[in-house]
Protein chains: 2
Amino acid sequence: MALKKKPVTGMKDMLPNEMEIRDYVIHLIKETYKTYGFTSMETPCVEHIENLCSKQGGDNEKLIFKILKRGDKLKLETAKEESDLVDGGLRYDLTVPLARYYANHANELPSPFKALQIGSVWRADRPQRGRFRQFMQCDIDILGEESNLAEIELILATTAMLGKLNFKNFTVNINDRNILKAMAAYCKFQEEDYDEVFIILDKMDKIGAEGVAKELCEMGYERENVEKYLGLFGEIHPDVSGIRFLKEKLGDCLKAETAEGMEWIISSVEAAKECEFHIKFDPTLVRGQSYYTGTIFEVSMDDFGGSVAGGGRYDKMIGKFTGQDTPACGFSIGFERIVMLLLENGYQAPGNKKKKAYLLEKKLPKEGMLRILELAKADRDAGKKVLIVNMKKNKKFQKEQLAADGYTEIIECYADSYDKI
Amino acid sequence: MALKKKPVTGMKDMLPNEMEIRDYVIHLIKETYKTYGFTSMETPCVEHIENLCSKQGGDNEKLIFKILKRGDKLKLETAKEESDLVDGGLRYDLTVPLARYYANHANELPSPFKALQIGSVWRADRPQRGRFRQFMQCDIDILGEESNLAEIELILATTAMLGKLNFKNFTVNINDRNILKAMAAYCKFQEEDYDEVFIILDKMDKIGAEGVAKELCEMGYERENVEKYLGLFGEIHPDVSGIRFLKEKLGDCLKAETAEGMEWIISSVEAAKECEFHIKFDPTLVRGQSYYTGTIFEVSMDDFGGSVAGGGRYDKMIGKFTGQDTPACGFSIGFERIVMLLLENGYQAPGNKKKKAYLLEKKLPKEGMLRILELAKADRDAGKKVLIVNMKKNKKFQKEQLAADGYTEIIECYADSYDKI
C-alpha cells in the first residue's frame, strides 16, 4: 500500500518557524491568564457523540469527525445508519466539553472556577485558504460568577494578553442579547422572528443599514417596523451614552439592570485597562452561537477583517448537564488568526536565546569531540542554544543555512586545532 | 437525549493541580531540548488510515481510533467491511507521522533535522489503572545523522531534562539490535527465529535466566544452543568491558564498528553528562518495536518498575515514504509516567508566583471595585497572580479554600474601608 506524504485533507503540518511563534504565544497566554487567577484544565479530544450532538453546537454539529465503535460493539452487518456505527467524535469547540467537565467535577473545583483551556478542535469544514480542519482554540471561562465582575475580568485579561503581543488600536465591541431583544420588541417584531431578524442584522457591516432594511422588507416584515428599527440604530452612540439613550427610549422593553450592567462593564474596562484599545457599545453585534444568554463581545482589528476573539455569557448551558443552572461567561481567542497576523507582520518572539553552532571536521578525534561536548555544556549553562553538527562537504552552503536559521556564532572544529577553541 | 458527565471510556479530565505540573513539565522540556538545538514541530492528530496501517506500528495498529468518512464519500449501503467506512485515524505514536512529515518537507528543513514533538496520541487499549487511551508523548528525533553523534546528543538531552526535574540515580540501559543478532547467530539460532527468541529474552528481568532457558527449550530450540546463549549473557559486564569482551568473543558474527560505536556512545555520555545517572550496557534489552535497526536504549528508575523513556535508531522507516533511506534516531519520554511520579512525590513546580486574593464585600461601591482593579494591576506588574472574587456568606470557609489553593495573601475589601487598603 502506498504511503501518503501529505497531511490529511484540510489539516496542516507545522514547520519550525511557525512553531517557534506558536510555542511563544501559548506560553505567553498561559503566563498572562494565570496572573488573572485562571487555572489550566484539559478535557480529552474525543467526546461522547451524544454530548456533541446535543444542539449546543449549532451548525458545528454538522461538521463532526466521528469515531467508529471498536471491537464487538461495532456491528457492521446490522448497522442501518451512521449513528449505529459511532460512539464518539472529535470536539468542535472547548465550551461543550467544559460544561461536561464542570458538571463532572464541580465539587473538586474552586467556586467561582476560572478555567483556562488551550487545545485543538476539529471541524470538517470545506477546505479554504487560511482555514483548517484542525485548529487551536484558547478559551478562558468563569463559571459560577453571576456578577459583571466576570465580563470585566475576561475583557481585561484578554486585552492585556493582546497588548503583550504588541497588538495596538484594536476594539472590543460589546452588546447584550437582552438589548438586541429589547430593541426588536420596541420595534414590534415578534419574539419568534428574533433569530431571523438578528441573522439579517448581523450583516450590517457588509451590506449597510439600507441593505438590512431591504432584506427585512423582502422577508415580509412591516416597513414601518423596519424603518423604526433601522432609525433607532442610527441614533445610538457607540459608548455609554448610547446605552443611557436606549435605557430611556426603550422603557419597559429593556430592564434597567441590563443597561446599567453594560454601562458598568464599559466604564470599568475603560478605567482599568492595561493597554491601549477602544471599547465600543455595538448594538448591531449578534454573534451566532445560540447558547449566549446575556453579554456578548468581540475583538476586531483595523488591519484584519473579522474578529480575532469573541465570547459572552451562557448561563443556561451547564444546567443541561447538571439540571441546575450555573452562571457562565467566556472569552475565546482566535489563536490561529493571531499566529497568522504575527507571522505576516514578521513578528520575532522576544528573549530568544543566542544560537551557536559547532561544525565538526569528519576526522576530528574522539578527544576533540569530548572537548566540544564540554564547551557546549558551558554555552548552555550560559543561556545559549547549541547545535553540534558534522561538517559537510559544501561547508559554505552549510554555514549560510545555519546563519539563515539564526545561528550567529559558528565555530569550525578541526582535528589539528580543536584544542585551541 | 441525556448528556453524559463522565469523559469517554479510558480517557481523563485533567484537574487544575495536575495541569499545573503538566504545564511546567512541558515548558521545561521545550526549553531544555531547544538548548540542544532541537526545534518544535507538529503534525495533525488525524493521520491517513493507510499510513497508520502500514505495518510500522506493530500491535498498536490494532488499537486505532478510526474516523468515519464524511458526506458523499460515506456509502453505508454498499460498505462491506470497516475499511470501506474510514479514511483516517487518530495517531497512535509520533514516529509514523514524523516520517510522513519529513518525507513531505525535507527540502524546507535543516539537515540534519533535530525534531521536538510534544503531543497527544490515542490507543484503544483495554482500560487499566494508570493507563489511558489518550496520552501525551514527548519525542526528540534526529533525522539525517548517520554518526553516533545522534545517539550521544539524544541521551545527553533526555538525561539533562530528567535531572532538571530532580530525578536522581536513574539508569540508561543501552544495547544494539545488531549485538542481539550477533549473539543469537553465535549461538547457532536461525535468523528466522530471532524475533521469537528475543521476545522470550525480553522477559529476563521478570522470569530470570533460568526462566528464559526453560521457555526457549519448551519452544523446541536445541538445549546446547540455549545453554551457550544463557551462559554468554552470564559473562558480560554491564559496561564497556562487556562490549570489548563480545567484540572478541563473537568474532565475525559482530561487526567491529557496531561494538566500537556502542563503546564510544557509552564513554562519551559518561564524560559529558550533565547530571548524575548511570549508563549500562544491557545485552538483554530488546524493545518491542520492529522498526529499530541499530542502537536501542531505555531509561529505568529504581522506584518505578518499567521504563520512563525509550528509543533507538530506525534507519529504514523514512525510506518507506520517500523511497530513499534516511538515518534516523529518536528518544521518547513517557510523559504520563513522569507526571505521575512527580505527583506521587508531591513535586512542586519551582518559581511559582505568589498568589493574592481580594474578597469584595457585596455592597462595595463601584469606586471600591475600581480601586481594587487598580491594586490588582500593580500586583500583577510586581509578579503576582491575582484573584478578585465576591465575598461569600461563609467567608471563613471561602478563605480556607483559597489558602488550600495556595493564596498566601487574602485581602478583605469592605465598603466602609476599601480606601485604606
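Residue numbers restart at each chain and count upward from 1, following the sequence in its written direction. Labels follow written order: the first chain is A, the first ligand is 1, and so on. At least 70 in pLDDT is required for a residue's local features to be given in this predicted model, at least 80 for side-chain atom pairs to be given and counted, and no such filter applies to totals for whole chains, interfaces and linings, which use all residues. Excluding hydrogens and water, the side-chain values take into account all heavy atoms of the structure.

## A short note on the sheet that holds strand β12 (residues 355–360) of chain B
Residues and elements named next belong to chain B.
Working step 1: One open sheet holds the three strands; their spatial order is β13-β12-β14, and the pairing between them is parallel. Looking at the sheet topology across the chains shown, the edges are occupied by β13 (385–390) and β14 (407–413). This sheet shows a mean twist of 20° between the axes of neighbouring strands, independent of strand direction.
Working step 2: Two strands qualify as a pair provided DSSP detects at least 2 bridges between them. A run of H or I in DSSP counts as a helix once it spans at least four residues, and a run of E counts as a strand once it spans at least two, with each numbered from the N terminus. Looking at chain direction, β12 and β14 are connected through six bridges and run parallel. Considered in β14, the bridge of Lys356 is made with Glu409.
Working step 3: Here, two residues are considered to be in contact whenever any of their heavy atoms come within 4.5 Å of each other. Simply put, an axis is a line fit to the C-alpha atoms, just over the touching stretch for a helix, and the angle between two N-to-C directions goes from 0 to 180 degrees. The strands that helix α15 (residues 395–404) touches are β12, β13 and β14; relative to β14, the one it contacts most, it runs at about 150°.

## Remarks on the packing of helix α6 (residues 177–186) of chain A against helix α7 (residues 194–201) of chain A
Residues and elements named next belong to chain A.
Working step 1: Viewed as axis vectors pointing N to C, α6 and α7 meet at an angle of 105°, and their least axial separation amounts to 11 Å. In terms of orientation, α6 lies roughly perpendicular with respect to α7. Here α6 contributes Leu180, Lys181, Ala184 and Ala185 to the contact with α7, which in turn contributes Tyr194, Phe198 and Leu201.
Working step 2: Residue polarity follows a fixed list, in which Ala, Val, Leu, Ile, Met, Phe, Trp, Tyr, Cys and Pro are nonpolar, Asp, Glu, Lys and Arg are charged, and the others, Gly among them, are polar. Classifying every residue of the contact of α6 with α7 gives six nonpolar, no polar and one charged. Any angle between 65 and 115 degrees counts as roughly perpendicular, while under 35 counts as roughly parallel, over 145 as roughly antiparallel, and the rest as oblique.

## Considering the side chain of Ser120(A)
Residues and elements named next belong to chain A.
Working step 1: Mapped onto the secondary structure, Ser120 falls in strand β5 (residues 113–122).
Working step 2: The classification of residues rests on relative accessible area computed with a 1.4 Å probe and restricted to protein chains. Under 20% of the type maximum is buried, over 50% is exposed, and intermediate values are partly exposed. Classification of Ser120 as buried rests on a relative accessible area of 14%.
Working step 3: Within 3.5 Å is the distance limit for a polar contact, defined as a pair of N or O atoms, with the added protein rule that one can donate a hydrogen and the other accept it, and that residues adjacent in sequence qualify only through two side-chain atoms. Among the polar contacts listed, one links the side chain of Ser120 to the side chain of Gln134, at a separation of 3.5 Å.
Working step 4: Excluding anything up to four places from it in sequence, Ser120 contacts Arg91, Gln134, Phe135 and Met136.

## Observations concerning the environment of Asp405(B)
Working step 1: With respect to the secondary-structure elements, Asp405(B) resides in the loop between α15 and β14.
Working step 2: Of the residues examined, Asp405(B) reaches a relative accessible area of 35% and is grouped as partly exposed.
Working step 3: Separated by 388 residues in the primary sequence, Asp405(B) and Asn17(B) have C-alpha atoms spaced 9.0 Å apart.
Working step 4: Aside from chain neighbours lying at most four places away, what touches Asp405(B) is Pro110(A) and Lys355(B).

## Here we look at the interface of chain B and chain A
Working step 1: Contacts between chain B and chain A engage 100 residues on the former and 99 residues on the latter.
Working step 2: The junction of chain B with chain A conceals about 9000 Å² of combined surface from both sides, 61% of it contributed by carbon and sulfur atoms.
Working step 3: Buried area is calculated as the accessible area (1.4 Å probe) missing from two parts once they are joined, with the contributions of both summed. Per-residue buried area on chain B facing chain A is highest for Leu3(B), Lys5(B) and Trp264(B); these three make up 8% of the total on that side.
Working step 4: Between Lys or Arg on one side and Asp or Glu on the other, a salt bridge is scored when a side-chain nitrogen of the former is within 4 Å of a carboxyl oxygen of the latter. Where chain B meets chain A, there are 12 salt bridges.
Working step 5: Between Arg380(B) and Glu274(A) there is a salt bridge, with its nearest N and O atoms 3.2 Å apart.
Working step 6: Taken together, chain B and chain A are joined by 43 residue pairs in polar contact (both at pLDDT 80 or more).
Working step 7: Here the element with the most residues in the side of chain B that touches chain A is helix α1 (residues 16–35) of chain B; it accounts for eight residues.

## Quick word on helix α14 (residues 366–381) of chain A
Working step 1: The span one expects for a helix is its residue count, reduced by one, times 1.5 Å. The end-to-end C-alpha distance of α14(A) is 23 Å, a good match for the 22 Å that 16 residues give at a rise of 1.5 Å each.
Working step 2: Of all the residues in α14(A), the buried ones are Gly368(A), Met369(A), Ile372(A), Leu373(A), Ala376(A), Asp379(A) and Arg380(A). One face of α14(A) carries all of its buried residues, which in axial projection span an arc of 140°.
Working step 3: Those residues of α14(A) that are buried lie in contact with β12 (355–360), β13 (385–390) and β14 (409–413) of chain A together with α1, α5 (149–164) and α11 (256–272) of chain B. Note: the arc covers the axis-to-C-beta directions of the helix.

## What to know about the pattern of salt bridges
Residues and elements named next belong to chain A.
Working step 1: What the rule picks out here adds up to 66 salt bridges over all chains.
Working step 2: Note that Glu235 is salt-bridged to Lys249, the shortest N-O span being 3.8 Å. Taken as a pair, Glu235 in helix α9 (residues 223–235) and Lys249 in helix α10 (residues 240–249) lie far apart in primary sequence, 14 residues in all.
Working step 3: Assessed through its relative accessible area of 42%, Glu235 is described here as partly exposed.
Working step 4: Here Lys316 and Asp325 are joined by a salt bridge, their closest N and O atoms 3.1 Å apart.
Working step 5: Each of Lys12, Glu18, Arg22 and Glu336 takes part in one network of salt bridges that share partners.

## So, the domain arrangement of chain A
Working step 1: Domain borders in the structure are assigned automatically or taken from a domain database. You can read the domains of chain A as domain 1 (16–344) and domain 2 (355–420).
Working step 2: Between the C-alpha centres of domain 1 of chain A and domain 2 of chain A there is a distance of 50 Å.

## A closer look at the relation of the copies chain B and chain A
Working step 1: Here the copies were fitted onto each other by least squares, based on C-alpha atoms from residues at pLDDT of at least 70 in both. Mapping chain B onto chain A leaves a residual RMSD of 0.0 Å; the transformation is a rotation of 180° accompanied by 0.0 Å of translation along its axis. Look at the turn and shift together and you get a two-fold axis relating the two. Judged by C-alpha distance, Ile67(B) is the residue of chain B that lies nearest the rotation axis, at 2.3 Å.

## Observations concerning the environment of Ala103(B)
Working step 1: Following the sequence through the fold, Ala103(B) ends up in helix α4 (residues 95–105).
Working step 2: With relative accessibility at 12%, the residue Ala103(B) sits in the buried group.
Working step 3: Those residues in contact with Ala103(B), other than ones at most four positions away along the chain, are Lys5(A), Phe321(B) and Thr322(B).

## Some points on the pairing of strand β6 (residues 134–143) of chain B
All names here are of chain B.
Working step 1: Among the 10 residues in β6, 10 count as buried, and that is most of the element.
Working step 2: By the alternation rule, side chains of β6 split into Gln134, Met136, Cys138, Ile140 and Ile142 and Phe135, Gln137, Asp139, Asp141 and Leu143, which are all buried.
Working step 3: Looking at chain direction, strand β5 (residues 113–122) and β6 are connected through 10 bridges and run antiparallel. Each residue of the ladder has a partner; that of Gln117, found in β6, is Asp139.
Working step 4: Sheet topology note: the β6/strand β11 (residues 328–333) ladder contains six bridges and is antiparallel. Residue pairing across strands places Ile142 opposite Cys329, the latter belonging to β11.

## Thoughts on the sheet that holds strand β9 (residues 295–301) of chain B
Residue and element names in this part refer to chain B.
Working step 1: Taken together, the eight strands give an open sheet; going across it, the order is β1-β5-β6-β11-β10-β9-β7-β8, and neighbouring strands pair in mixed fashion. In this open sheet, the two edge strands, each paired with only one partner strand, are β1 (39–40) and β8 (277–281).
Working step 2: Examined bridge by bridge, strand β7 (residues 170–176) and β9 share seven bridges and lie antiparallel to one another. Following the sheet pairing, Asp176 is matched in β9 by Thr295.

## Comments concerning the environment of Glu412(B)
Residue and element names in this part refer to chain B.
Working step 1: Among the secondary structure elements, Glu412 is positioned in strand β14.
Working step 2: A C-alpha to C-alpha distance of 6.0 Å links Glu412 and Tyr358, two positions 54 residues apart in sequence.
Working step 3: Among the polar contacts listed, one links the side chain of Glu412 to the side chain of Tyr414, at a separation of 2.5 Å.

## Concerning the state of the cysteines
Should the sulfur atoms of two cysteines be covalently bonded, the bond is a disulfide.
Working step 1: Note on disulfides: each one is a pair of cysteine sulfur atoms within 2.5 Å. This model, assessed by the stated rule, comprises zero disulfides over all chains.
Working step 2: Here Cys187(A) is not disulfide-linked; the sulfur of Cys253(A) is the nearest cysteine sulfur, at 8.6 Å.
Working step 3: Exposure remark for Cys187(A): the relative accessible area of 0% places this residue in the buried category.
Working step 4: Cys45(B) takes part in no disulfide bond, and the closest cysteine sulfur, belonging to Cys45(A), lies 5.7 Å away.

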